[in-house]
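# A closer look at the structure
One-letter residues, chain by chain:
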Amino acid sequence: NDLSDWLYKYKKNIKLFVTAAHDEHKSIVNGDYAYTDQEVKCLGFPRHDRLINENKKQILIMPTWRKNITPPLDANLKRKYSEKFVETKYFEMYNGLLNHKDVLNKAKELGYNIKFVIHPILKEQISDFKGNEIVEIVHPDHVAYFKLFNESSLLITDYSSVAFDFAYLRKPVIYFQFDKEEFHGKHLSKGYFDYEKHGFGPVKSTLEDVAAEIVKTLDNGCKLSDFYRERIDQFFVYSDQKNSERVYNEIKKMTH
């Protein structure tokens, strides 16, 4: 997404801006961020060095948050539980997915479990979601994200950047985007990344379509198609587990 308003040079003055993809690098240098190649370097993300395939029969559902449905902060800057959250389309869609008969039956048949991880900003609403024998509702404060990525065979997300980390492992991603116009209108401005043109998996906008796609992917043994593998391979500059080393060496240069 376009985060130039937040990361603008004359607001943040970042000395080293690390990127992991050619298009990402280009979008920052040529965008409204006011940085140049001096500060923006394509080195790969150090956190990606911890990503190793340790696949279990596990499906990960991990959406991002929305400004327009987030409970307000109280006087102590803590978010309170909102009773209106259950009336949102966001709740309706994800709760519907967690209880979708076709998905649960297929997961049970093939021995998969499902982990649903709400975004930390929406964690006060975690009690609204109910687990079952297949679905575990995971509190975001109690997880190591890289471990979830390593151990899961399939990710369902919406616009979250977790899709990049998961795709880095060359594993299948499904995007569930039931509110695209609203999201880009009220939450984050659209950036260079177009999910249909550049995404690492199919984009679905209805509950029935996303459920059918999950069932199809499970039947296929959660194999990443050659089409999306090629996209991922072209997207990331490095897949060598030396990202930390490159960033470290760049920081060392800055201190001399």
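Now for a quick tour of the structure.

With 33 residues, the main nonpolar core has Leu97, Ile114, Ile156 and Phe176 as its most contacted residues. If you list the elements that add at least two residues to this core, you get strand E3 (58-61), helix H4 (89-98), helix H5 (101-110), strand E4 (113-117), strand E6 (154-157), strand E7 (173-176) and helix H10 (207-219). At 6 residues, H4 tops the list of elements feeding residues into this core. The residues touching Ile156, leaving out its near neighbours within four places in the chain, are Ile59, Leu60, Ile61, Met62, Leu97, Ile174, Phe176, Val210 and Ile214. The next biggest cluster of nonpolar side chains, apart from the first, holds 28 residues, and it includes Val143, Leu148, Val173 and Phe193.

We now examine the packing of H4 against H10. Taken N-terminus to C-terminus, the directions of H4 and H10 make an angle of 35°; their axes are 10 Å apart at the nearest point. Both H4 and H10 take part in a crossing whose hand is right-handed. Facing H4, whose interface residues are Met93, Gly96 and Leu97, H10 presents Leu207, Val210 and Ile214. Grouping the constituent residues of the contact of H4 with H10 by class yields 5 nonpolar, 1 polar and no charged.

This paragraph deals with the environment of Lys252. Structurally, the position occupied by Lys252 is in helix H12 (residues 243-255). With 135 residues separating them in the primary sequence, Lys252 and Val117 have C-alpha atoms 37 Å apart.

Here the focus is the sheet that holds E4. Two pairing modes exist for strands in a sheet, parallel and antiparallel, and in both the strands are linked by backbone hydrogen bonds. Pairing in this open sheet of 6 strands is parallel, and the strands run E5-E4-E3-E6-E7-E8 from one edge to the other. With partners counted over all chains shown, the strands left at the sheet margins are strand E5 (135-138) and strand E8 (203-204), one partner each. Sheet topology places E7 next to E8; 2 bridges connect them, and they run parallel. By the bridge assignment for E8, Tyr175 is matched with Val203.

So, how was this worked out
- What you see as residue numbers is a count from 1 along each chain, following the sequence as written.
- Residues qualify for local features only when their pLDDT is at least 70, as the model is predicted, and side-chain atom pairs are given and counted only at 80 or more; totals for whole chains, interfaces and linings, by contrast, use all residues.
- To obtain the side-chain values, all non-hydrogen atoms of the structure were included, while hydrogens and water were left out.
- Put simply, a nonpolar core is a bunch of buried Ala, Val, Leu, Ile, Met, Phe, Trp, Tyr and Cys residues held in one set by side-chain atoms that sit within 4.5 Å of each other.
- For the exposure calls, accessible area comes from a 1.4 Å probe over protein chains only, and a residue counts as buried if that area is under 20% of its type's maximum, exposed if over 50%, partly exposed in between.
- Numbered from the N terminus, helices here are DSSP runs of H or I no shorter than four residues, and strands are runs of E no shorter than two.
- Any two residues whose heavy atoms approach within 4.5 Å at even a single point are treated as in contact.
- Here the axes come from fitting lines to C-alpha atoms, over the contacting stretch only for helices, and the angles between their N-to-C directions go from 0 to 180 degrees.
- Left-handed describes a crossing whose near helix is turned anticlockwise from the far helix by less than a right angle; the clockwise case is right-handed.
- Each residue gets one of three labels, nonpolar for Ala, Val, Leu, Ile, Met, Phe, Trp, Tyr, Cys and Pro, charged for Asp, Glu, Lys and Arg, and polar for the others, Gly among them.
- When DSSP locates at least two bridges between a pair of strands, those strands are taken to pair.

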